[in-house]
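# Summary of the model geometry
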Amino acid sequence: AVITTRLLVSHLSGIRHYEKDITKVKEEKEKANRALKLTKSNQEKELKEKETKSLEKTDAVKAKKEHEDEVKSRNSKPGRREKEFEQEEYYLKEKFESVIESLKIFKNDPLFFKPGSQFLYSTFGFTLLSAVVERASGQKFTDYMLKMFRDLDMLSTVQDDNEAMIYNRARYYVYNKKGRLVNAPYVDNSYKWAGGGFLSSVGDLLKFGNALLYSYQVGQFKNINGKLLPGYLKPDTVTMMWTPVPKTEVSWDRDGKYAMAWSVAEKKQQYGCCRQQRHYASHTGSAVGASSVLLVLPEELGSEAMENGLVAPPRGVIVTIICNMQSVSLSSTALKIAREFDKEK
């Protein structure tokens, strides 16, 4: 079976995640699909019921229901994450000297499916991806990344190396089975630098989001291209990274589809005066003792503004949240914040 870099970056490779038992993975997927179908059929049922009732619900009742739904969704998501954190390999303490060395964890394990046929989120797929970067660049993956972070002016972003003295590094926390806040267990992230081994700050992640948004938009500004510096990536590259890939799925965003290392919601509106979906790209992060999200909501600019150089990129809203707490669902919060700032404009 041939595994390409594109399959790795969209989690279509068939390489396992932390769960080694394929039957358990299939069961979890089926459960998730059933829950999604149930949610959809309930929504349709509610819609029909609303149509038959002539009396509209008051705003107070609506607000109460929205609040209850939000609480329900908030409470249902961490449960799935908690199960994931029961996997042994989350808590590896072995220090690997190189990315190639860390491949030994999974390199002899069977693929879960034919590459390209199904989606399975895989941290180990990204470990293999970092080995590709290492071979292609001729540099250690961490050295290559640190140079890139320096280019992007992300000077607080470093690998989460236990031995190194890292200024302002936060402590990590988790709720134990009794619901008490405790220090997260010791782990070594050298087996997954690419899939969750870097430390960063809110400021650095905002710079990262802005660099991507600038790269994405700079090609759209017609008459001021000569005056603008090029983006760190080519516009076509970011567009490709933010284009949904067939056969993928996203567990943390109902509107999202998976692209290349990003979840993407596409711009769409089915009916006049009804719900609009804006185009945005995002990704969440969960690790032992930490949770995060980065969301990029590009501004919808008119052709006149872009052609006459009335504004310059990046234009939009970037939201990032990092917290030193395990299993916190942040995706919907980030989108709400982005929409509020977008409204202010």
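The written sequence of each chain sets the order in which its residues are numbered from 1. Where local features are concerned, this predicted model is filtered to residues with pLDDT of at least 70; where side-chain atom pairs are given and counted, the filter is 80 or more; whole-chain, interface and lining totals use all residues. The basis for every side-chain value is the complete set of heavy atoms in the structure, and neither hydrogens nor water enter the calculation.

As named in an unreviewed UniProt entry, the protein chain is LACTB protein, taken from Crypturellus undulatus.

Further remarks concern the pattern of salt bridges. Definition used for salt bridges: Asp or Glu carboxyl oxygen within 4 Å of a side-chain nitrogen of Lys or Arg. Counting across every chain of the model gives 16 salt bridges. In this structure, arginine 169 and aspartate 160 form a salt bridge, with 2.9 Å as the shortest nitrogen-oxygen distance. Residue arginine 169 is classed as partly exposed on the basis of its relative accessible area, which comes to 26%. Note that arginine 275 and aspartate 255 form a salt bridge whose closest N and O atoms lie 2.7 Å from each other. Of this pair, arginine 275 sits in the loop between β6 (263-265) and β7 (280-287) while aspartate 255 sits in the loop between α9 (235-241) and β5 (257-258), and the two are 20 residues apart along the sequence. Judged by relative accessible area, arginine 275 falls into the exposed class, the value being 52%. Salt bridges sharing partners connect three or more residues here, namely Arg16, Lys20, Glu89 and Asp109. We call a residue buried when its accessible area falls under 20% of the maximum for its residue type, exposed when it is over 50%, and partly exposed in between, using a 1.4 Å probe and counting protein chains only. The helix and strand labels rest on DSSP assignments: H or I over at least four residues marks a helix, E over at least two residues marks a strand, and numbering proceeds from the N terminus.

Definitions used throughout: a 1 Å grid over protein atoms alone; a cavity as a set of points that fits a 1.4 Å probe which cannot get out; a pocket as an open set with protein on both sides within 12 Å along at least five of seven lines; a lining residue as one with an atom within 4 Å of a point. Grid points are joined across faces, edges and corners, and a volume is the space filled by probe spheres set on the points. Within this structure, the stated rule accounts for two cavities of 30 Å³ or more. The volume enclosed by the largest cavity comes to roughly 60 Å³. Looking at the largest cavity, the residues that line it are Ile22, Val25, Lys26, Lys29, Phe112, Phe113, Gln118, Phe119 and Leu120. For the lining of the largest cavity, a count of residues per class yields six nonpolar, one polar and two charged. Amino acids are sorted into nonpolar (Ala, Val, Leu, Ile, Met, Phe, Trp, Tyr, Cys and Pro), charged (Asp, Glu, Lys and Arg) and polar (every other residue, Gly among them).

In a soluble, globular protein the nonpolar side chains are often hidden away together inside. Judged by nonpolar contacts, the single largest core of 41 residues is most densely connected at Phe124, Trp242 and Trp262. Of all the elements in the fold, those that place two or more residues in this core are α1 (5-9), α5 (123-137), α6 (141-151), α8 (202-217), α9 and β8 (290-298). Each domain's extent is set by a domain assignment, obtained either automatically or from a database. Two domains each donate at least three residues to this core, and these are domain 1 (1-38 + 79-154) and domain 2 (200-344). What makes two residues a contact is simply this: any of their non-hydrogen atoms within 4.5 Å. Residues contacting tryptophan 262, with those up to four places away along its chain left out, are Phe208, Leu212, Met241, Trp242, Lys257, Ala281, Ser282, His283, Leu294 and Val296. Grouping buried Ala, Val, Leu, Ile, Met, Phe, Trp, Tyr and Cys residues that are joined through side-chain atoms within 4.5 Å yields what is termed a nonpolar core.

A separate point is the environment of aspartate 153. As for its placement among the helices and strands, aspartate 153 is situated in the loop between α6 and β1 (158-159). A C-alpha to C-alpha distance of 7.6 Å links aspartate 153 and aspartate 204, two positions 51 residues apart in sequence. When near neighbours in sequence (up to four residues on either side) are disregarded, aspartate 153 contacts Asp204 and Lys207.

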